[in-house]
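Residue-level structure breakdown
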Amino acid sequence: MSISSYLLILFHLVPWTIGMGAAFYFAFGAIPMAKRFSNEADRLRSLRSNIKFYHITFLLTMSLMVVTGAFRLTDYKIVFGTQYFHKVAYVLVFKLLLFLVIYMLAAYQSFGLGLRVTGTGKQAMEDQVPAELVMDVAKRMRWISILNLLLMTIAGYLGLVLSRMPYF
């Protein structure tokens, strides 16, 4: 395998690792940490800042994974030629469908749930949000993060299956 192939793999795995770390931190660090605040204003401020960090990081890394994965597939297309779809399609299609589900869950988490807590614009961060709504939304967002962690692990395994296909 050439150095450029190894670099493409690295550039594909770095966003995956950062995305996994962000999801893990959000599900098992940020939400439990926010629950420890007795003051609702402090809890809301903590959740808002963590939600904003998580959504930008997670969606950006997922987008980078799509682009770097497409670059990586060029090697397969060159080597396999007309046999490309026959050899790669069954794993690749499942991985891409799985990734679509991950991305849709993350979009729902960011825009469907996250904006209920953070709002839009700078002024929205000072708005008062009922504590029951905040904790309900945070609990649903946590479960989506855990589900995304599991799905990303499966997608990582499928990536390993793809990388083990002999073509060099």
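Description of the structure in this document.

What counts and how
- Residues numbered from 1 in each chain as written.
- Predicted model: local features only at pLDDT ≥ 70, side-chain atom pairs only at ≥ 80, totals over all residues.
- Heavy atoms only, no water.
- Axes fitted to C-alpha atoms, helices over the stretch in contact; angles between N-to-C directions.
- Helix = DSSP H or I, 4+ residues; strand = E, 2+ residues; numbered from the N terminus.
- Parallel < 35°, antiparallel > 145°, perpendicular 65-115°, else oblique.
- Left-handed = near helix turned anticlockwise from the far one by under 90°.
- Contact = heavy atoms within 4.5 Å.
- Buried < 20%, exposed > 50% of the residue type's maximum accessible area, 1.4 Å probe, protein only.
- Nonpolar A, V, L, I, M, F, W, Y, C, P; charged D, E, K, R; others polar.
- Salt bridge = Lys/Arg side-chain N within 4 Å of Asp/Glu carboxyl O.
- Core = buried A, V, L, I, M, F, W, Y, C linked by side-chain atoms within 4.5 Å.

1. Quick word on the packing of helix α2 (residues 40-80) against helix α4 (residues 131-163)
Where α2 contacts α4, the two axes come as close as 12 Å, and the packing angle between them is 20°. The pairing of α2 with α4 is recorded here as roughly parallel in orientation. Read as a crossing pair, α2 and α4 show a hand that is left-handed. Mapping the contact onto sequence places Glu 40, Arg 43, Leu 44, Leu 47, Ile 51, Tyr 54, His 55, Phe 58, Met 62 and Tyr 76 in α2 and Ala 131, Val 134, Met 135, Ala 138, Met 141, Ser 145, Asn 148, Met 152, Leu 162 and Ser 163 in α4.

2. Focus on the environment of Phe 11
Residue placement: Phe 11 occurs in helix α1 (residues 3-35). Here Phe 11 falls in the partly exposed class, since its relative accessible area comes to 47%. Between the alpha carbons of Phe 11 and Gly 69 there is a distance of 8.8 Å; along the sequence they are 58 residues apart.

3. A word on the side chain of Ser 145
Along the chain, the position of Ser 145 falls in helix α4. Those residues in contact with Ser 145, other than ones at most four positions away along the chain, are Ala 23, Phe 26, Ala 27, Tyr 54 and Gln 109.

4. A look at the packing of helix α3 (residues 84-118) against α4
Remark: α3 packs on α4, axes separated minimally by 9 Å, with the N-to-C direction vectors making an angle of 165°. If you check the angle between α3 and α4, you find them roughly antiparallel. Classified by chirality, the crossing of α4 by α3 is left-handed. Looking at side-chain class alone, the contact of α3 with α4 contains 25 nonpolar, 5 polar and 3 charged residues.

5. Quick word on the environment of Arg 45
Structurally, the position occupied by Arg 45 is in helix α2. In this structure the C-alpha to C-alpha distance between Arg 45 and Val 117, which are 72 residues apart in sequence, comes to 9.7 Å.

6. Considering the pattern of salt bridges
Counting across every chain of the model gives 2 salt bridges. For the salt bridge of Asp 42 with Arg 45, the shortest nitrogen-to-oxygen distance reads 2.5 Å. Of this pair, Asp 42 and Arg 45 both sit in helix α2, separated by 3 residues, roughly a single helical turn. Overall, Arg 45 belongs to the exposed group, its relative accessible area being 52%. Its salt-bridge partner being Arg 140, residue Asp 136 comes within 3.2 Å of it at the nearest N-O pair. In this pair, Asp 136 and Arg 140 both sit in helix α4, 4 residues apart, roughly one turn of the helix. Judged by relative accessible area, Arg 140 falls into the partly exposed class, the value being 31%.

7. Concerning the nonpolar core
Counting 40 residues, the largest nonpolar core has Phe 58 and Ile 102 as its most contacted members. Contributing elements (two or more residues each) for this core: α1, α2, α3 and α4. Leave out the neighbours within four places in its chain, and Ile 102 touches Phe 58, Met 62, Asn 148, Leu 151, Met 152 and Ala 155.

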